[in-house]
Amino acid sequence: MKVVVIGAGAAGMMAAISAAGAGADVTVLEKNEKAGKKIYITGKGRCNLTNACDNETFFRAVKRNPRFLYSSFAGFNSYDTIDAFEKMGLKTKVERGNRVFPESDKSSDVIRTLENEMKRLGVKILYNTNVIGITEGKPGTDKRHQPDIKSPAGPEHSECGKAQAETEGRCLKLVQTESVQGRKVFEADSVVIATGGLSYRSTGSTGDGYIFAKTFGHTVTPCKPSLVALNLKQKVDELEGLSLKNIMLTVTGPVPVTAKQKKNKKSTAPDALPDDSGNSLPGKTENVKITEIYRDFGEMLFTKNGISGPLVLSASSELSPVFSPERKEKTKISIDLKPALNCEQLDARVLRDFEENINKKFANSLYRLLPQRMADYVVKRSGIAPDTRVNVISAKEREKLVKLLKNLEFEVDSLCGFNEAVITCGGVNVKEVDPKTMESKLMPGIFFAGEVLDLDALTGGFNLQIAWTTGVCAGENAALKPAEIKTNTPNYKTGILSGSTKESTGKPENNNTNSTSEDTAHERNDMKTSEFTAIAIDGPAGAGKSTIAKKVAKDLGYIYVDTGAMYRAMAIHFIRNGIAQEDTAGIERTCASATVTIKYIDGEQRVYLNDEDVTPILRTPEVSSMASVSSAVPKVRLKLVELQRELARTNNVVMDGRDIGSYVLPDARVKVYMTASIEERARRRYNENIQKGIECDLKTIEKEIEERDYRDSHRDFAPLVQAEDAVLIDTSHMTIEEVAEAVKKLAK
């Protein structure tokens, strides 16, 4: 299969790697002089390449069409991205907010990693090559006399399209290019359009993909800048560069009352691309209501003409689709400078400051409460004369000041343009694209990936993850023949993960399938297609998961996989290396030197740490405490998940843990969420310890279980959660036999 990828950005390079890894002959056409120009500037030059969060958190961060990503994300998610880059030789690290960066803090290393992998796989990259059109063709067509681009309304209206419908095949695609060497035409079985959107036009994102999409009858939803700074009507240049932390930002404004109705209708973009400002909506809508568009707590920054920073960028993603210059006077920003205090508490704080400095001028009275420049600005906005002594400020004036501190209001004048926007809101209508393959529903053989699609998310690595996910999905399916695509299930890891062998990193191949070292091959299969049955049992500590899982496995003749024991083995490794629970960096660093394996001796599971049987010491309180903390570290989980999946691919298994049904085995045929009251779980743990001769206190155990429940359910990475399709079983008042029978009944 010949695949042409248009664009060597994040989505394009990942599509090329995935297609080449699946065996295709791949050519990448890039209009710039080098690859990854937009990657280079992301994350302030550090490249926040993904977010190590759970699926639920990821989809909450996607603001437009998150459901479209369900299938492709099931095939290649955030953890797979981390895994893939590590396999390609790029070391990563996780920072605040689960943001993932290259360990070197250099975006150039991300680009170099992708380029090296493309080179290793034989991908051909042509730079300074501008694609001017894509047409249908037939082998042997005289390419020197290709007609100009036509605009068929889908394949059913073209001669080649009719042939496709009859044969269920694909027509040859002719990709027309222009460079200093002149015009040229490339033949392809499939074309991946990964041209980006309209943001940061200096990187080459000039909307070409939208034109190509329209060529084949696709609609493009209106494009606007998103994740962008806001210009304010009020003059704020005196605050330029001032960063505010721990504030509450609220955006209110007019929203069309027909928005929901419009959402269900087919949207058609104007023929011309949006101008640089991106601040116009097609048509006016007078039926609007003023509503809260966005509210969140965090950090922001004042610019010369307005505001920016994390909170503002996130706010713009909600504001951009509904903002209209015609109604801008009704769009307001409110900053609560002291969100931790209510009005009464803040008034008491201000009064206390005044009383401590009763002869001080009002102009000099707020510096303990606010940064100096913000204090000066608030004094100016308060209406109280700066020279007024604080001991003569009235209660009414103080009340007005408190209201100003809790609601410092500005009017939005405009959103900054595409040249400053991180991402484009709008793009190719996803209803016209197959979510499982990224292939056009209107023209077989045309695939879309990345920002060209109507998909956008908040800051924090989510948008790059969309690029990686859709790129892998589009690339692998573009490499398949049409008949193969129709039977293909959403599993896009084979091209990128198995294609990235140890050859690219210089590490030796490891043939021990029970090893969890980083050399383990990561080729995976969709569990739904497995001939084996997996029973996933999740739940909090002490709910009886292990007891029931062991019994069910024995009764059914399945293999019992105690995932908790594996994490406990890792915890022993950290303890032995003197790593403190709060030392996340130390845990990540030491993780690489541990090898955990599982062996079955006389039908009993034994857990080995670096070839030592550590089964007898897995359940001491010290190990339990460390395991709860270290198991939340992404690198630890990624290291162990592959062994768990491998066991489920090759055996009938019963597996228990805290994210088995939601993450480790999302397609397990049986899912159970097992729980019990804290009191009952503490009593069970107490009796178990006493029988083992371990001294303990019941109340202490209750407190420990309560704290562990909170940690497990609130951690950002793979939290304890009941899978949507899991059956809830409360074991508080059930016998072991009753619970086991209930699970076995589900298995039958």
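Residues numbered from 1 in each chain as written. Predicted model: local features only at pLDDT ≥ 70, side-chain atom pairs only at ≥ 80, totals over all residues. Heavy atoms only, no water.

### Brief notes about the overall build of the protein
- Counting its regular elements, the protein contains 25 helices and 29 strands.
- Counting across all 748 residues of the protein, residues that qualify as buried make up 54%.
- Contacts in the protein between residues far apart in sequence, at least 24 positions, make up 79% of those at least 6 positions apart.
- Looking at the protein as shown, the accessible area adds up to about 32500 Å², and 49% of this sits on carbon and sulfur atoms. (Helix = DSSP H or I, 4+ residues; strand = E, 2+ residues; numbered from the N terminus. Buried < 20%, exposed > 50% of the residue type's maximum accessible area, 1.4 Å probe, protein only. Contact = heavy atoms within 4.5 Å. Areas by Shrake-Rupley, 256 points an atom, 1.4 Å probe, with all protein chains shown as cover.)

### Observations regarding the pattern of salt bridges
- This structure, assessed with the given rule, holds 39 salt bridges.
- Salt-bridge contacts for Lys744 lead to Glu741; the nearest nitrogen and oxygen are separated by 2.8 Å. Placement of both Lys744 and Glu741 in helix 25 (residues 736-747) is noted, with a separation of three residues, approximately one turn of the helix.
- Taking relative accessible area as the criterion, Lys744 reaches 10% and is therefore assigned buried.
- Glu741 gets classed as partly exposed once you look at its relative accessible area, which sits at 41%.
- Bridged by salt links that share partners, the residues Lys551, Asp555, Glu737, Glu741 and Lys744 form one connected network. (Salt bridge = Lys/Arg side-chain N within 4 Å of Asp/Glu carboxyl O.)

### Things to note about the pairing of strand 22 (residues 534-538)
- Burial within strand 22 is extensive, with five of its five residues counted as buried.
- Neither face of strand 22 is exposed, since Ala534, Ala536 and Asp538 on one face and Ile535 and Ile537 on the opposite face are all buried.
- In terms of strand pairing, strand 22 meets strand 27 (residues 653-657) through five bridges, oriented parallel. Along strand 27, the bridge assignment pairs Ile535 with Val654.
- In terms of strand pairing, strand 22 meets strand 28 (residues 670-675) through four bridges, oriented parallel. (Pairing = 2+ DSSP bridges.)

### Structural notes on the nonpolar core
- Within the largest apolar cluster, 123 residues are counted, with the highest numbers of intra-cluster contacts made by Val26, Leu453 and Trp468.
- Setting aside its immediate chain neighbours within four residues, Val26 contacts Val3, Val5, Ala16, Ala19, Ala20, Gly122, Val123 and Lys124.
- Counting 51 residues, the second largest nonpolar core, distinct from the first, contains Tyr294, Val322, Phe354 and Cys416. (Core = buried A, V, L, I, M, F, W, Y, C linked by side-chain atoms within 4.5 Å.)

### Comments concerning the pairing of strand 28
- Here strand 28 lies mainly inside the structure; six of its six residues are buried.
- With burial as the criterion, each face of strand 28 is covered, one bearing Val670, Val672 and Met674 and the other bearing Lys671, Tyr673 and Thr675.
- Looking at chain direction, strand 28 and strand 29 (residues 727-730) are connected through four bridges and run parallel. Bridge pairing in strand 29 places Met674 opposite Ile729.

### Examining the sheet that holds strand 8 (residues 130-137)
- What the three strands build is an open sheet, ordered 8-9-10; its pairing is antiparallel. At either margin of the open sheet sits one strand with a lone partner, and together these are strand 8 and strand 10 (182-188). The average undirected angle you get between the axes of adjacent strands in this sheet is 25°.
- Strand direction decides the pairing type here: strand 9 (residues 172-179) and strand 10, joined by seven bridges, are antiparallel. Among the inter-strand pairings, Gln176 is bridged to a residue of strand 10, identified as Val185. (Axes fitted to C-alpha atoms, helices over the stretch in contact; angles between N-to-C directions.)

### Brief notes about the environment of Lys380
- With respect to the helices, strands and loops of the structure, Lys380 is situated in helix 12 (residues 372-382).
- On the basis of relative accessibility, which here comes to 56%, the residue Lys380 falls in the exposed class.
- Along the sequence, Lys380 and Ala363 sit 17 residues apart, while their C-alpha atoms lie 8.7 Å from each other.

### Considerations on helix 19 (residues 584-591)
- Every buried residue of helix 19 is listed here: Gly586, Ile587, Glu588, Thr590 and Cys591.
- Looking at the buried positions of helix 19, the neighbouring elements they touch are strand 5 (92-95), helix 18 (563-576), helix 20 (621-630) and helix 21 (634-650).

### Description of the side chain of Thr81
- Note that Thr81 resides in helix 5 (residues 78-87).
- Given the relative accessible area of 0%, Thr81 is considered buried.
- For Thr81, the contacting residues outside a window of four places in its chain are Leu49, Thr50, Phe76, Gln465 and Trp468.

### Looking at the packing of aromatic side chains
- Scanning the entire structure with this criterion turns up ten aromatic pairs.
- Geometrically, the ring pair formed by Phe58 and Phe59 is edge-to-face, given 5.4 Å between the ring centres and 75° between the ring planes.
- Overall, the relative accessible area of 1% leaves Phe58 in the buried class.
- Accessibility expressed as a relative area gives 15% for Phe59, which makes it buried.
- Measuring from centroid to centroid gives 5.2 Å for Phe85 and Trp468, while their planes differ by 70°, and the two rings are edge-to-face. Remark: Trp468 occurs in helix 14 (residues 462-478) and Phe85 occurs in helix 5; sequence separation between them is 383 residues. Judged on exposure class, the residue Phe85 and its partner Trp468 are both buried.
- Taking the ring centre of Phe101 as reference, the NZ or CZ of Arg46 above it sits at 3.8 Å. (Phe/Tyr/Trp six-rings, centres within 6.5 Å; stacked < 30°, edge-to-face > 60°. Lys NZ or Arg CZ within 6 Å of the ring centre and 35° of its normal.)

### What about the packing of helix 18 against helix 21?
- Closest axis-to-axis distance for the helix 18/helix 21 pair is 11 Å, and the angle between their directions is 140°. Judged by the angle between their axes, helix 18 and helix 21 are oblique. The crossing of helix 18 and helix 21 is right-handed. Residues Thr563, Met566, Tyr567, Met570 and Phe574 of helix 18 form the contact with helix 21, whose participating residues are Val636, Arg637, Lys639, Leu640, Val641, Leu643 and Gln644.
- For the contact of helix 18 with helix 21, a count of residues per class yields eight nonpolar, two polar and two charged. (Parallel < 35°, antiparallel > 145°, perpendicular 65-115°, else oblique. Left-handed = near helix turned anticlockwise from the far one by under 90°. Nonpolar A, V, L, I, M, F, W, Y, C, P; charged D, E, K, R; others polar.)

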